[in-house]
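# Overview (structure and organization)
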Amino acid sequence: MAVTTRGPVLTRPGRAAGSGDPLFKRLTLGLASAVILVVGAMLANMAWESRESLARFGWSFLGGQVWDPVHTVYGALPFIYGTLITSLIALLLAGTIGLGAALFLTEIAPGWLRTPLS
């Protein structure tokens, strides 16, 4: 079954719908590419700056559990684990509070309170 239209859909007088789509598509593609380039540059910079410590301590630094500066034994696993657990707890708390606030605003809050809070 063929769909037919009766001319362009006008959003504003004299402008057809979708006339800015190619510009938006190029802008979005450019910004997405910029994000990928910035993340790549960050990874390259971190790899370059960590070359000396990796050469001295090796990859075991990431899995080591002992941090003893006196004997130059370093392990980052407890710090990585602590960061991940703390981030997980923060996400759970923020997600719970955010979901509760959203449900309150959409389902319970009266109109006079809903508008200024949202």
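The text that follows walks through the structure, step by step, so that each part is easy to find. Computed from a prediction, not measured in an experiment: that's the story for all the values here. (Residues numbered from 1 in each chain as written. Predicted model: local features only at pLDDT ≥ 70, side-chain atom pairs only at ≥ 80, totals over all residues. Heavy atoms only, no water.)

## Focus: the overall build of the protein
When you go through the protein residue by residue, the secondary structure sums to five helices and two strands. Reading the protein from its N end, one meets helices and strands in the order β-β-α-α-α-α-α. Sequence-distant contacts in the protein: of pairs separated by 6 or more residues, those separated by 24 or more amount to 0%. Carbon and sulfur atoms form 72% of the exposed surface of the protein, whose accessible area is close to 10300 Å². (Helix = DSSP H or I, 4+ residues; strand = E, 2+ residues; numbered from the N terminus. Contact = heavy atoms within 4.5 Å. Areas by Shrake-Rupley, 256 points an atom, 1.4 Å probe, with all protein chains shown as cover.)

## Thoughts on a nonpolar patch on the surface
Residues Val 35, Val 38, Val 39, Met 42, Leu 43 and Met 46 make up a contiguous nonpolar surface patch of about 570 Å² in total accessible area. Considering the arrangement of structural elements, one finds Leu 43 in helix α1 (residues 21-49). Its relative accessible area of 53% is what places Leu 43 among the exposed residues. (Patch = residues over 30% accessible without salt bridge, like charges linked within 9 Å, V, L, I, M, F, W, Y side chains within 5 Å. Salt bridge = Lys/Arg side-chain N within 4 Å of Asp/Glu carboxyl O. Buried < 20%, exposed > 50% of the residue type's maximum accessible area, 1.4 Å probe, protein only.)

## Some details on unusual backbone geometry
The residue Thr 72 is not glycine, and still its phi comes out positive at about 50 degrees. Here Thr 72 is to be found in the loop between α3 (60-63) and α4 (77-108).

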